[in-house]
Amino acid sequence: MKEKLQAIREKAMEQMGKATSLEHLNEIRVAVLGKKGELTQVLKSMKDVAPEDRPKVGQMVNEARQAIEEKLEAETAAIRRRLREEKMKAEVIDVTLPGTRNLQGHRHPNQIALDDLERVFIGMGYEVVEGPEVEYDHYNFELLNIPANHPAKDEQDTFYITKEILLRTQTSPVQARVMETGRMPIRIIAPGRVFRSDEVDATHSPSFHQVEGLVVDRGITFADLKGTLEQFAKEFFGPDTKVKFRPHHFPFTEPSAEVDVSCFKCGGKGCRMCKGSGWIEILGCGMVHPKVLRDCGIDPEVYQGFAFGIGLERVALLKYEIDDMRLLYENDVRFLRQF
Ligand code: DAH
């Protein structure tokens, strides 16, 4: 019995000394001290021991159990310590390593130009409104004094959906929609996407953006239009910018004009940007035609208005000196990242 106990104890001690994991130690504990463990078996066979020897054997079993438990505890603690050290080592952060750069999103040049434009007009008390991209012929042409068979309809090659429904060719129909509500006075800009069946090249695209402007109130004159657009040009392109109004024709305004700004690249001397002329065309405008006011339910004897239409891509390209509109639509991040 004594030898047996000794053997169990030595074997357990040796195994525990070699154990490398907590699981391993637990297996040894179960095999030796568990319900069916070797040491427990010895206790169970005490009945075979002569009564006078039992206290002695009992003491030996207890000593063995105590020694094994102590060793178990010590080994468990050692393994735990080692595991913790390994974990700490693995989690060490080298603060001197270069960081990984996160790619940041950018506003599109169109959006930057639009935000800037909105800032200027909101500063002058305008409200930003939107209209539908799928529009009725009625709003896109009819109410704007462009009746069926009018040559201006050909100038704006239209994507028709049905005979009456189309993709708007301009943001001007938003004018008619706002006037129709009859809420006076009106002071709005209406940015948005427009569509024309144009071939793609450096200055054309079947889909681009315009910003419409409309002011209607009592006693509005051409002087208000000039002052407003001059102020816009100075705030948007720089304080030294000069504006020039050239007579033009639009069916929905009378009189109408196109507006040029002095070239902000060369200051008017003439360069590649302004094709040597010193001036750059940026928008169309005019006094709202009395027929348009009347057709939209406004009495032209009481109210007058002015309107303008800006090509957003055009001013974005100018402002950032981009020479090909296609770059704005290709979404190459190497290009977009520059703005
Ligand atoms: N809608 C015109 C176009 O697409 C631009 C325009 C010109 C709008 C004069 C206006 C305006 O409101 O008064 O060519």
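See the structure printed just above.
Residues numbered from 1 in each chain as written. Predicted model: local features only at pLDDT ≥ 70, side-chain atom pairs only at ≥ 80, totals over all residues. Heavy atoms only, no water.

1. Some details on the site of the ligand
Defined as follows: Any residue with at least one heavy atom within 4 Å of a molecule or strand is counted as near it. Definition of a polar contact: a pair of N or O atoms within 3.5 Å, with one able to donate and the other able to accept a hydrogen when the atoms are protein atoms, and with sequence-neighbouring residues admitted only if both atoms are side-chain atoms. Each accessible area is a Shrake-Rupley result for a 1.4 Å probe, and residues are judged covered by the shown protein chains and nothing else. Elements are defined by DSSP. Helices are runs of H or I of four residues or more, strands are runs of E of two residues or more, and each kind is numbered from the N terminus.
As a structural note, the neighbourhood of the ligand is formed by 16 residues, with Gln170, Gln175, Arg196, Gln210 and Glu212 the closest of them. Within the side chain of Gln175, one N or O atom sits 2.9 Å away from an oxygen atom of the ligand. Gln210 has a polar side-chain atom sitting 2.9 Å from an oxygen atom of the ligand. With the chains in place, 91% of the 350 Å² that the ligand exposes on its own is no longer accessible. Put simply, the parts of the chain that give the shell around the ligand at least two residues each are strand E5 (207-217), strand E8 (279-288) and strand E9 (304-311).

2. Details of the nonpolar core
As a rule of thumb, soluble globular proteins bury nonpolar side chains together. Stated formally: The definition of a nonpolar core used throughout is a set of buried Ala, Val, Leu, Ile, Met, Phe, Trp, Tyr and Cys residues joined through side-chain atoms within 4.5 Å. Accessible area is worked out with a 1.4 Å probe on protein chains only. A residue is then buried under 20% of its type maximum, exposed over 50%, and partly exposed in between. What makes two residues a contact is simply this: any of their non-hydrogen atoms within 4.5 Å.
Membership of the largest hydrophobic core comes to 36 residues, with the highest contact counts inside it found for Leu117, Phe232, Ile282, Leu283, Cys285, Phe308 and Ile310. The set of elements that each furnish at least two residues to this core consists of helix H5 (109-123), E5, helix H9 (222-237), strand E7 (253-262), E8, E9 and helix H11 (312-319). The biggest single contributor to this core is H9, with six residues. Among all residues touching Ile282, those that are not within four sequence positions of it are Phe232, Phe237, Val259, Val261, Ile310, Gly311, Arg314, Val315 and Leu318. Ranked by size, the runner-up nonpolar core spans 25 residues in total, among them Leu143, Leu214, Val216 and Leu293.

3. Here we look at the layout of surface pockets
Filter applied, for reference: The distinction between a cavity and a pocket rests on a 1 Å grid over the protein atoms alone: a 1.4 Å probe fits inside a cavity but cannot get out, while a pocket stays open yet meets protein on both sides within 12 Å along at least five of seven lines, and a residue with an atom within 4 Å of a point counts as lining. Grid points are joined across faces, edges and corners, and a volume is the space filled by probe spheres set on the points. Residue polarity is assigned by list, with Asp, Glu, Lys and Arg as charged and Ala, Val, Leu, Ile, Met, Phe, Trp, Tyr, Cys and Pro as nonpolar; anything else, Gly included, falls into the polar class.
The volume enclosed by the second largest pocket comes to roughly 290 Å³. Forming the walls of the second largest pocket are 17 residues, and the residues nearest its centre are Gln111, Leu114, Gly192, Arg193 and His209. Each residue belonging to the lining of the second largest pocket can be placed in one class, and the counts come to six nonpolar, six polar and five charged.

4. Here's the deal with the packing of H5 against H11
Put simply, the rule is: Lines are fitted to the C-alpha atoms to define the axes, a helix being fitted only along its stretch in contact, and any angle between axes, read from their N-to-C directions, falls within 0 to 180 degrees. Roughly parallel means an angle under 35 degrees; roughly antiparallel, over 145; roughly perpendicular, 65 to 115; everything else is oblique.
Axis separation between H5 and H11 bottoms out at 9 Å; the angle between their running directions is 100 degrees. Between H5 and H11, the interaxial angle falls into the category roughly perpendicular. Contact residues: Pro109, Asn110, Ala113, Leu114, Asp116 and Leu117 in H5; Leu312, Glu313, Val315, Ala316 and Lys319 in H11. Grouping the constituent residues of the contact of H5 with H11 by class yields seven nonpolar, one polar and three charged.

5. Details of the sheet that holds strand E4 (residues 186-195)
As a reminder of what qualifies: Pairing between strands is defined by DSSP: at least two bridges between the two strands are required.
Strand order in the open sheet made by the seven strands is E1-E4-E5-E9-E8-E7-E6, with mixed pairing throughout. In this open sheet, the two edge strands, each paired with only one partner strand, are strand E1 (127-128) and strand E6 (243-250). Of the pairings in the sheet, the one linking E7 to E8 comprises eight bridges and is antiparallel in character. Each residue of the ladder has a partner; that of Asp260, found in E8, is Glu281. Contacts from H9 reach E6, E7, E8 and E9, with the element oriented near 150 degrees to E8.

6. Remarks on the pairing of E4
The buried fraction of E4 is high, at eight of 10 residues. Relative to E4, E1 is paired through two bridges, and the arrangement is parallel. Of the residues in E4, the one forming a bridge with Val128 is Ile189. By the bridge criterion, 10 bridges tie E4 to E5 in an arrangement that is antiparallel. What sits directly across from Arg193, in E5, is His209.

7. Observations concerning the pattern of salt bridges
Let me state the cut-off plainly: Should a side-chain nitrogen of Lys or Arg be within 4 Å of a carboxyl oxygen of Asp or Glu, the pair is scored as a salt bridge.
Under the criterion given, the structure shown has 16 salt bridges. Among the salt bridges present, the one from Arg119 reaches Asp116, with a minimum N-O distance of 2.8 Å. Here Arg119 and its partner Asp116 are both found in helix H5, three residues apart, which amounts to about one turn of the helix. Accessibility expressed as a relative area gives 16% for Asp116, which makes it buried.

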